[in-house]
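If you want the building blocks of each chain, they are given just below.
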Amino acid sequence: MIYTNIALGTASRTGQTLAGIMAWMIEFLTVNSKPILQVLVLPGLAFTLVFALVAVWFERKFLARAMLRVGPYYCGGRAGVLQVFADFIKLFLKEMIIPDSVNWLFFALMPIMVSFVPGLALILIPFDANWVLWDIGSLGLPMFLAIMGIAPLMPIFAGWVSNNKYSFIGAWRVAYMYISGEIPIVICAAAVAIMAGSFNLVKIVEAQSNMIFAIPQFIGFIVFFIGVLIESERTPFDLPVAETELVFGWRTEFSGILFGFTMMAEYVMLQAWSLLFITLYLGGYSGPIIMGNVIGSHIFWLLAKFCAVVVFVILLRCVFPRPRMDQMLKIGWSYLTPLALLNLFIVLGLKMWGVF
Amino acid sequence: MSNLSDFISSFEENYGKLVESVEIFEETRASIIAKRGSYIEIAEILRDEYGFVIPIAGGAIDYPEENRMEMNYYLDSPDSDFIVIYRVHLARDDLVLPTMTTVWEAMSFHERETKEMFGIDFEGHENMVALLLPPDWKGGYPLRKDFKGEGVE
Amino acid sequence: MPEPKIESEIMRISWGPQHPMSGQTRILLDTDGEKVHKIIADIGYTHRGIEKVLENRTLIGGIIPIERMNMVDSSNIGIGYVTACDKTYGLEVPERAQWIRSLICEMGRINSHLYAFGLQAEATAYFPAVFLWTTIDREVLLDLFEELTGARWSYNHFLPGGVFKDFPEGFEAKILEAVQYLRRRFKDYWNAMIENPMFEMRCDNVAILEPKDAIRLGATGPVLRGSGIPIDMRKEEPYAAYNSLDWEVITEDACDIMARTKVRFHEIGQSLNMMEQIAKEIPEGETRARFSPFSRAPEGEHITRVENSRGEMSIHMWTDGTTNPYRVKIMPPSLRNMYVFERLAELSEIVVADIPVVVNSIDPWYLDSDR
Amino acid sequence: MEQEEQASRILENVPGASLAYKLVDFIDGWSRKYSIWPIHLVTGCCSPEFMQVSGVRFDMERLGVLPFASVRQCDCIMVVGIVSRKMADRVKYLYEQMGEPKYVVAVGACPTGKGPFYDSYSIVAIDEYVPVDVYIPGCPPRPEAIIHGMMELQDKIVKERRLGKIE
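In this report, the structure presented in the accompanying data block is examined. From a predicted model like this one, the values you see are computed outputs, not experimental measurements.

### Here we look at the interface of chain A and chain D
With 32 residues of chain A at the contact, the number on the chain D side is 29 residues. Both sides together, the interface formed by chain A and chain D hides about 2600 Å², and carbon and sulfur atoms give 60% of it. The interface formed by chain A and chain D contains five salt bridges. In this structure, Glu253(A) engages Arg72(D) in a salt bridge whose closest nitrogen and oxygen atoms are separated by 3.1 Å. Our count for the chain A to chain D interface comes out at 18 residue pairs in polar contact (both at pLDDT 80 or more). Those elements giving two or more residues to the side of chain A that touches chain D turn out to be helix H5 (83-93) and helix H12 (257-281) of chain A. Here the side of chain A that touches chain D takes seven residues from H5(A), the largest share from any one element. When grouped by side-chain class, the residues that make up the side of chain A that touches chain D number 19 nonpolar, four polar and nine charged.

As structure tokens, then:
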């Protein structure tokens, strides 16, 4: 209650709005507090950490297979299972070098924010009709896009704060890439919302019960997937962390556990975007019920689709070289955006003639 | 000028005087020893009139007992089956030469290397900076015969 | 209306010796945003003073340091030095030794071009696929080298007057088997690299080198032949067994990165044909002329020109009657190509992201240029 | 060295301390042993061998050795091949920029003792500039020798004195 007294004390017009916000926050924390299981485990903390660890291990083994070699082998059992734990513990115990020509607070904060902000968007993904951590109903999709709009600012600040020429160019590339990747995604998401008739992610999933949106909006499906690749810096669009040109892009200066956070950030971003991609186009958690347990099969189907999408994204890394910056922008602006608009008009046409 | 013998004969009679000597030194090499005075004009003639536009390399050699050094430029032309070695002799005490980069631009690396290895100064060279040795090399020209390892601490 | 002067601020990036794509040299780039105005190559990081080291080695002892000049392609450098020694001593190399020398040179050339493809693939982040495939294909050749010469990289198999050892029995069958395997693999490389639309996007009409500029700047090897000028030392001054093998010089006239890559591809095709011919039609005979390694070198001065995988390498050797050479002047191909790379920023439009691909299309070997 | 006495006093009289210390020491050694990230720096003519070792047949990544691009995240410099005077300063800069548990592996005869260029004026042995942990002989060393060298480094990491360990 202390906060509200301070707020009321000012008693100016801003005081009322400030009090309003405080009241709303307190009401939010007490009324719709979700069961601990949802907060901690599924769409919450454990899911992101476990996915980050498994994805790092899987990517190294999968790439090794693509290179016809073995990959991590001796660390833990015969398949290098504990390799990722060894990496993260070593990074944890490593000396964290903060260059002196750098604002140390901002420098230490940025990697944590880089991996934390995309994680925020995870709480909006519906795992079941009422298994949504932040149940704001019809604000689901716009809030997700709003949070993911802020997420690219963090790598830009991280690259800028580490005061190193390579990270400056990396941060500058992050800015260019996200603008050219964000607009097609938002247009395709709008098309999906129009076809489903609402912004509520749960209603979008229910609208896809008879036919998943990937089939009628196939163009939007492809454009959104390429947008996901651009947003989560995955090859063939990993220009901000182009290892061969800019040493490590915006992640060059971070050492120790700060670098561990940036490694995790790459996977949290991929996780958030691919979950939204599944919810919008592949029918979210809907799928044939197994053994009568509705919630269990919903979660199973969502995770199964999620694994399929992540495996496909990692597969792309073995197949494609990386385009140049100007070619990347040409793809974003002169191919993706017109296609997204075309998809929007097709959806409007279908909606007008009542096909959907 | 694809044939070696008529190149030698044509070069002999119209520029024989300006040059110290012209001879065939292996069956497919022409060796021209130039005079210090007409050093650059002969190079330009070789490039424009006889078509030797490909600069292969440039290097020097040191004869301490005869107290002289020799600077060689190796030149080739696309349509000839022989190469020309364009030489000039220098006394060991005044090691100054006009730069060849005005005639063949690609000789700049070789001249920088010869400068730091032998100590021959090339006037007119734009960025006469050390090419191979570390910038803080404390003296001694390594490829001279009388180099006793001064720079090596 | 005068063109508005865009106030641009040049930033100098140091592409230091410690950089995934820089190899053993440092490149200074003056960039404005992503566009590169000026490239300054700061070479000399692996200068070992080979020319000074050769002066206090005997003529036959000089093979060890000179083969370390370009480890990937040590056979094509060793052949130059050994041909120079043959000329100095006036030795007559038997026919079979010439054919074995050509075989080792061609296998070294394939090995070195594979290295170039690997780095070019790594430059465009095609790392997992092509870059590591080149390592497994190179192992096939390294096994052949190991069986013939006993070493994986610096073979020391050439001696003045011939070759150290004859083929182990059953070696020709192994060569033919390796040639079949590599031909199949290079079809995959062709599809994976040249036909890949993304790779074409990165390589087509980038860093164009006109034939006139290529000659003026002293380019050599695949860089020169990529601009359409058919100069190849194996045809100009045939050494080893190159005049009795039938092959032809490859040129492309697109003058860009894709052209240089294609030249290397087709040259590997030619090398594979030569390997096949050698394995089938190698004449009989002994493999070394009589020669005592510690005899005094007769006084004289000889120039030998040899086609390294990266271009024309020449050796000017002065001998003064003692066992050691008086002076050995080595003219490496990579020094000439490095100058071309330095001047490339003024000839055509290059951005920072292009630098790795451009460097690897010119493929200088920095130990080669530093000597 | 007062840190040593303090550590030994705690280990004796606090009941569970030595067991906890052993556990932390084991985990610390095990994690550093299996995740050595060498830096992308090839200084000399053994570079093709370094590529073959991180290549397909002799795969260095089986031991967890993954070449990394930036100096901040690496904890091992593999000095691959000959080191000239000019390059040795760079290796020294890199050594100073690296995080604390750092190791140096001298791959090949040249960084160990100038190799076949023993009388050259511009070559140095690397241990005049940076302390070296493992020397790998050979010119160029065989890939099996390089991997054996990395395993030697792994044993050395496990046996290293850490946290004021008392024998």
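### Notes on helix H4 (residues 85-97) of chain D
Helix length check: H4(D) (13 residues) gives 19 Å between terminal C-alpha atoms against 18 Å at 1.5 Å per residue, within 8%. Here H4(D) has its buried residues at Arg85(D), Lys86(D), Met87(D), Ala88(D), Val91(D), Leu94(D) and Tyr95(D).

### Description of the sheet that holds strand S4 (residues 68-76) of chain B
Strand pairing in a sheet is mediated by backbone hydrogen bonds. Such pairs are either parallel or antiparallel. Residues and elements named next belong to chain B. Judged by pairing direction, the sheet is mixed, and its five strands sit side by side in the order S1-S2-S5-S4-S3 without closing on themselves. Of all strands in the sheet, those bounded by a partner on one side alone are strand S1 (19-26) and strand S3 (54-63). Ignoring which end each strand starts from, the neighbouring axes of this sheet average 20° apart. Two strands pair when backbone bridges link them, and S1 and strand S2 (residues 29-34) are joined in this way by six bridges, in the antiparallel orientation. Pairing of Ile 24 across the sheet is with Ala 30, part of S2. Those strands touched by helix H1 (residues 4-15) are S1, S2 and strand S5 (83-91), and its axis lies near 170° from that of S1. Of the strands in this sheet, S1, S2, S4 and S5 are in contact with helix H2 (residues 39-48), which crosses S5 at around 175°.

### Digging into the sheet that holds strand S2 (residues 103-107) of chain D
Residue and element names in this part refer to chain D. On the basis of which strands lie adjacent, the open sheet formed by three strands has the order S1-S2-S3 and parallel pairing. Since the sheet does not close on itself, it has two edges, and those belong to strand S1 (76-80) and strand S3 (134-136), each with one partner. Taking the axes of each pair of neighbouring strands and ignoring which way they run, one obtains an average angle of 15° across the sheet. Relative to S3, S2 runs parallel, the two being bridged by three bridges. Looking across to S3, one finds that Val 107 is bridged to Ile 136. Taken strand by strand, helix H6 (residues 143-158) contacts S1, S2 and S3, and its axis lies near 170° from that of S3.

### Focus on the side chain of Asp368(C)
Here Asp368(C) shows up in helix H14 (residues 366-370). The residues touching Asp368(C), leaving out its near neighbours within four places in the chain, are Met69(C), Asn70(C), Ile77(C), Asn308(C), Pro332(C), Pro333(C) and Ser334(C).

### Regarding the nonpolar core
In this structure, Phe7(B) and Tyr86(B) are the most contacted members of the largest nonpolar core, which totals 303 residues. Looking at this core element by element, the count peaks at 15 residues for H12(A). Grouped together as the second largest cluster of nonpolar side chains are 22 residues, Ile36(D), Val42(D), Val80(D) and Val107(D) included.

Calculation rules
- Residues numbered from 1 in each chain as written.
- Chains lettered and ligands numbered in written order.
- Predicted model: local features only at pLDDT ≥ 70, side-chain atom pairs only at ≥ 80, totals over all residues.
- Heavy atoms only, no water.
- Contact = heavy atoms within 4.5 Å.
- Buried area = accessible area lost by both parts, 1.4 Å probe.
- Salt bridge = Lys/Arg side-chain N within 4 Å of Asp/Glu carboxyl O.
- Polar contact = N/O pair within 3.5 Å; in protein donor to acceptor, adjacent residues only side chain to side chain.
- Helix = DSSP H or I, 4+ residues; strand = E, 2+ residues; numbered from the N terminus.
- Nonpolar A, V, L, I, M, F, W, Y, C, P; charged D, E, K, R; others polar.
- Expected span 1.5 Å × (residues − 1).
- Buried < 20%, exposed > 50% of the residue type's maximum accessible area, 1.4 Å probe, protein only.
- Pairing = 2+ DSSP bridges.
- Axes fitted to C-alpha atoms, helices over the stretch in contact; angles between N-to-C directions.
- Core = buried A, V, L, I, M, F, W, Y, C linked by side-chain atoms within 4.5 Å.

From the geometry alone we can't say anything about function, so treat these as descriptive.
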